[in-house]
2 protein chains.
Amino acid sequence: MNAHNIHSNPYNSPPASPKYSFVGTPAALPGIGTNDSQQRAQHTIGGEIKLIGAGPGDPDLLTMAAYKAITSWADIVLADKLVSKEILALVSCPLFIANKEKGCQASGQKELYERATLALQQGLRVVRLKQGDPFIFGRGGEEYLYFRRLGFEPTIVPGLSSSISGPLLANIPLTHRGIASQFLVCTGTGSQDTIPDTPTYVAHRTTVFLMALHRLESLVKDLKSAGYPDELPVAIVERASAHDQRCVKATVGTVVQVVKDAGYRPPGILIAGWACDALAQDPEQLDGLTNRADDL
Amino acid sequence: MNAHNIHSNPYNSPPASPKYSFVGTPAALPGIGTNDSQQRAQHTIGGEIKLIGAGPGDPDLLTMAAYKAITSWADIVLADKLVSKEILALVSCPLFIANKEKGCQASGQKELYERATLALQQGLRVVRLKQGDPFIFGRGGEEYLYFRRLGFEPTIVPGLSSSISGPLLANIPLTHRGIASQFLVCTGTGSQDTIPDTPTYVAHRTTVFLMALHRLESLVKDLKSAGYPDELPVAIVERASAHDQRCVKATVGTVVQVVKDAGYRPPGILIAGWACDALAQDPEQLDGLTNRADDL
């Protein structure tokens, strides 16, 4: 057994401050939500940075860790434009919102890196606040590597990804016994705007497509070619957790026309699979699904 | 356009209380974390129930909604045995922990249903607290249907699923540009303890196996048969977010021996995919991954 294969937790003392064991980050993970300067001095060389997921948008869906970090820990918060106004309103320190509009991604990211680096070199506590979960299509891994190379090992804090919470908030279980035993999350848009491979159709799988709705028509064509049946239920969940969240239900065969009629209000995700109808209001269907406590 | 295909938000007034639009749940979603009796009377017929995800275990990874619900909203909390002691310690009302040990699943679930139903009929606020996310292998959909059939439409509150947060807390991004553009979450154990189909190998996919480690040897055999290369990195994350979280790294070819040597401390998840090494401490590898801000 090679010793470097196992990464145990170096934070066993004091037990009152349990922390995760990150691979190769022995100096990371200072206490969340503390302003105690003594504890700070103990942990800090230069500044500290946390790369935090803000969840889908409703402040009630922030983690406690995220809430504490932006309301009482951070000296500066650097957020993406997608983070909701309601969450940004909680920030109690200087706030910088990256300008990553189409065409400005590179300069916006560069400015964000520069501001974060300056703050870290000044010994400040930096929160990099990202929509959803930092490691699910958030390119959090790349930012993590960037800051680590500068000598600042970020603490990564998960957030609710809309890939899971979006379906849930529209009452769609990605897994449901007898219907879906696995789920796949993929993007409808590859790097450099390429079209990624369409995943194989698997009957007992729910598939969530992110960044796919702008090319719905060609995606549906791809799905049909890949064997997704016309009658397979699909749902589009727009603006998950926001005031104006909306769920549009259709099938592979009807979704293009349904969206043409209903319009589309980004951002949204497309869910395809039999589980889309698992909790539908149909007494006959319910009888087949519920009250099977003998196997729970 | 059939009207029932679109579900807009009926909660636009007052704007101070934004709520999601659930399919077919016009009377659900009372305010989170309020004890205001007037607001309560307005929403309640009989009792109210929230089906809430507790996340992986660290109280800092609870959502604000979950924290408020168990500390100040609930009259009774019904939790699974898997929910961490640290989270249960936050509960400020009567707490019932379901006994769903092997062999007692049916009676444990029945007792939980009975207690919840009684509380609801007494007009109480019930929190059903589940490990992780309620709709990811939590059978939350079945409980949702059960309570809806009784006339009590549960509010569903997402939680961090260990399928995403586990890898993150071990510094493994499920998606990473140039390495993994999709991720699949599946179970290693089917219903009635059957072995599910092994998912096809896709090079740009990260696959997370839940409930698979007790049959690691046969799973690895299945993976090899399905074309997963021997050198594909795998990681096992045990007890994500707990004091004693541990991450064991290996490959498809070595993992059985590595786990034999290191031992296994449940619960844990198995992650397979090139992304397992995306953030590894290897300067040569890093050079290929970082600082590509021109495409961010």
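Because the structure is a prediction, the values reported are computed rather than measured.

Q: What should I look at first to understand the overall build of chain A in this one?
A: For chain A, the count of helices and strands is nine helices and eleven strands. Residues counted as buried form 57% of the 296 residues belonging to chain A. Residue pairs at least 24 apart in sequence account for 62% of intrachain contacts in chain A once pairs closer than 6 positions are excluded. Accessible area of chain A: about 11,500 Å², with a carbon and sulfur share of 53%.

Q: Explanation requested: the pairing of strand E7 (residues 182-187) of chain B in the structure shown.
A: In regular strands, side chains alternate between the two faces of the sheet. Residue and element names in this part refer to chain B. The buried count for E7 comes to six of six residues, which makes it a mostly enclosed element. Here E7 shows no split at all, with Gln 182, Leu 184 and Cys 186 on one side and Phe 183, Val 185 and Thr 187 on the other all buried. Bridge count for E7 against strand E8 (residues 205-210) is six bridges, and the pairing is parallel. Counterpart to Thr 187 in the pairing with E8 is Leu 210.

Q: Which parts of the structure should I look at to understand the sheet that holds strand E4 (residues 95-97) of chain A?
A: The strands making up a sheet associate through backbone hydrogen bonding, with each pair oriented either parallel or antiparallel. Residues and elements named next belong to chain A. Spatial ordering of the open sheet is given by E4-E3-E5-E2-E6, a layout of five strands whose pairing is parallel. Sheet topology places E4 and strand E6 (155-157) at the edges, where each strand pairs with a single neighbour. Each adjacent strand pair in this sheet contributes to an overall mean axis angle of 20 degrees, direction not counted. Bridging between strand E2 (residues 48-53) and E6 involves three bridges; their strand directions are parallel. Note on E6: the bridge partner recorded for Leu 51 is Ile 156. Strands in contact with helix H2 (residues 64-73) are E2, strand E3 (76-79), strand E5 (125-130) and E6; relative to E5, the strand with the most contacts, it is inclined by about 135 degrees.

Q: What exactly am I supposed to notice about helix H4 (residues 105-121) of chain B here?
A: Turn by turn, an α-helix covers 3.6 residues, leaving residues three or four places apart pointing in a common direction. Residue and element names in this part refer to chain B. With 17 residues, H4 extends 24 Å between its outermost C-alpha atoms, agreeing within 8% with the 24 Å of an ideal straight helix rising 1.5 Å per residue. Among the residues of H4, Gly 108, Gln 109, Leu 112, Tyr 113, Ala 116, Thr 117, Ala 119 and Leu 120 are the ones counted as buried. Buried residues of H4, seen end-on, are gathered within an arc of 165 degrees and therefore sit on one face of the element. Residues Lys 110 and Gln 121 are exposed on H4 and point more than 90 degrees away from its buried face. With its phi angle positive at about 85 degrees, Gly 123 sits one or two positions after the end of H4.

Q: Would you explain the confidence of the model for chain A in this entry?
A: Low-pLDDT portions of the prediction should not be read for the details of their coordinates. All names here are of chain A. For chain A, mean pLDDT is 83; residues scoring 70 or higher make up 79% of the total. Considering only residues more than four positions removed or in separate chains, one finds that residues 1-5, a stretch of pLDDT under 50, has eight contacts. When the criterion is pLDDT under 50, residues 8-44 qualifies, and its contacts beyond four places in sequence or with other chains add up to 87 contacts.

Q: Looking at this structure, I do not really get the packing of aromatic side chains. What am I missing?
A: How two aromatic rings sit relative to each other is given by the distance of their centres and the angle of their planes. Under the defined criterion, the tally for this structure stands at eight aromatic pairs over all chains. Measuring from ring centre to ring centre gives 5.4 Å for Tyr 146 of chain B and Phe 147 of chain B, while their planes differ by 85 degrees; the resulting arrangement is edge-to-face. Phe 147 of chain B shares its class with Tyr 146 of chain B; the two are buried. Taken together through their ring pairs, the aromatic side chains of Tyr 113, Tyr 146 and Phe 147 of chain A make up a single cluster. Between the NZ or CZ atom of Lys 50 of chain A and the centre of the ring of Trp 73 of chain A, over which it lies, the distance is 4.1 Å.

Q: Just to check I follow, could you spell out the pairing of strand E10 (residues 246-251) of chain B for this structure?
A: All names here are of chain B. The buried fraction of E10 is high, at five of six residues. Sheet topology note: the strand E9 (residues 233-238)/E10 ladder contains six bridges and is antiparallel. Bridge assignment links Ile 236 to a residue of E10, and that residue is Val 248.

Q: Just checking my understanding: could you explain the nonpolar core for this structure?
A: Proteins that are soluble and globular tend to have nonpolar side chains buried together. With 100 residues, the main nonpolar core has Val 127 and Leu 129 of chain A together with Val 127 and Leu 129 of chain B as its most contacted residues. If we ignore the near neighbours within four places in the chain, the residues touching Leu 129 of chain B are Ile 52, Ala 54, Ile 70, Val 77, Leu 78, Ala 79, Asp 80, Val 83 and Ile 87 of chain B. Counting 43 residues, the second-largest nonpolar core is a separate cluster that includes Leu 184, Phe 209, Ala 212 and Val 220 of chain A.

Q: So what exactly am I meant to see when it comes to unusual backbone geometry here?
A: One can expect most non-glycine residues to show negative phi and most peptide bonds to be in trans. The omega torsion across Pro 266 of chain A and Pro 267 of chain A is -5 degrees, close enough to zero to call that bond cis. Within the secondary structure layout, Pro 267 of chain A lies in the loop between helix H8 (255-262) and strand E11 (268-272). With a phi close to 55 degrees, Phe 137 of chain B is a non-glycine residue in the positive phi region. Secondary-structure assignment places Phe 137 of chain B in the loop between strand E5 (125-130) and helix H5 (140-149). Its relative accessible area of 22% is what places Phe 137 of chain B among the partly exposed residues. A positive phi is found at Arg 239 of chain B, a non-glycine position, where the angle reads about 50 degrees. Counting through the fold element by element, Arg 239 of chain B comes out in the loop between E9 and E10. Accessibility expressed as a relative area gives 26% for Arg 239 of chain B, which makes it partly exposed.

Q: Help me understand the sheet that holds E5 of chain B, please; the structure alone is not making it clear to me.
A: Residues and elements named next belong to chain B. If you trace the five strands from one edge of the open sheet to the other, you get E4-E3-E5-E2-E6, paired in parallel fashion. Two strands bound the open sheet, and with one partner strand each, they are strand E4 (95-97) and strand E6 (155-157). Ignoring strand direction, the axes of neighbouring strands in this sheet form an average angle of 20 degrees. Each of strand E2 (48-53), strand E3 (76-79), E4 and E5 touches H4; the most contacted strand, E5, lies at about 155 degrees to it.

Q: Just checking my understanding: could you explain the side chain of Lys 249 of chain A for this structure?
A: Residues and elements named next belong to chain A. Examined against the element boundaries, Lys 249 turns out to sit in strand E10 (residues 246-251). In this structure Lys 249 comes out as buried when scored by relative accessible area, which is 12%. A polar atom in the side chain of Lys 249 sits 2.9 Å from the backbone oxygen of Cys 276.

Calculation rules
- Residues numbered from 1 in each chain as written.
- Chains lettered and ligands numbered in written order.
- Predicted model: local features only at pLDDT ≥ 70, side-chain atom pairs only at ≥ 80, totals over all residues.
- Heavy atoms only, no water.
- Helix = DSSP H or I, 4+ residues; strand = E, 2+ residues; numbered from the N terminus.
- Buried < 20%, exposed > 50% of the residue type's maximum accessible area, 1.4 Å probe, protein only.
- Contact = heavy atoms within 4.5 Å.
- Areas by Shrake-Rupley, 256 points an atom, 1.4 Å probe, with all protein chains shown as cover.
- Pairing = 2+ DSSP bridges.
- Axes fitted to C-alpha atoms, helices over the stretch in contact; angles between N-to-C directions.
- Expected span 1.5 Å × (residues − 1).
- Arc of directions from axis to C-beta.
- pLDDT = per-residue confidence, 0-100.
- Phe/Tyr/Trp six-rings, centres within 6.5 Å; stacked < 30°, edge-to-face > 60°.
- Lys NZ or Arg CZ within 6 Å of the ring centre and 35° of its normal.
- Core = buried A, V, L, I, M, F, W, Y, C linked by side-chain atoms within 4.5 Å.
- Polar contact = N/O pair within 3.5 Å; in protein donor to acceptor, adjacent residues only side chain to side chain.

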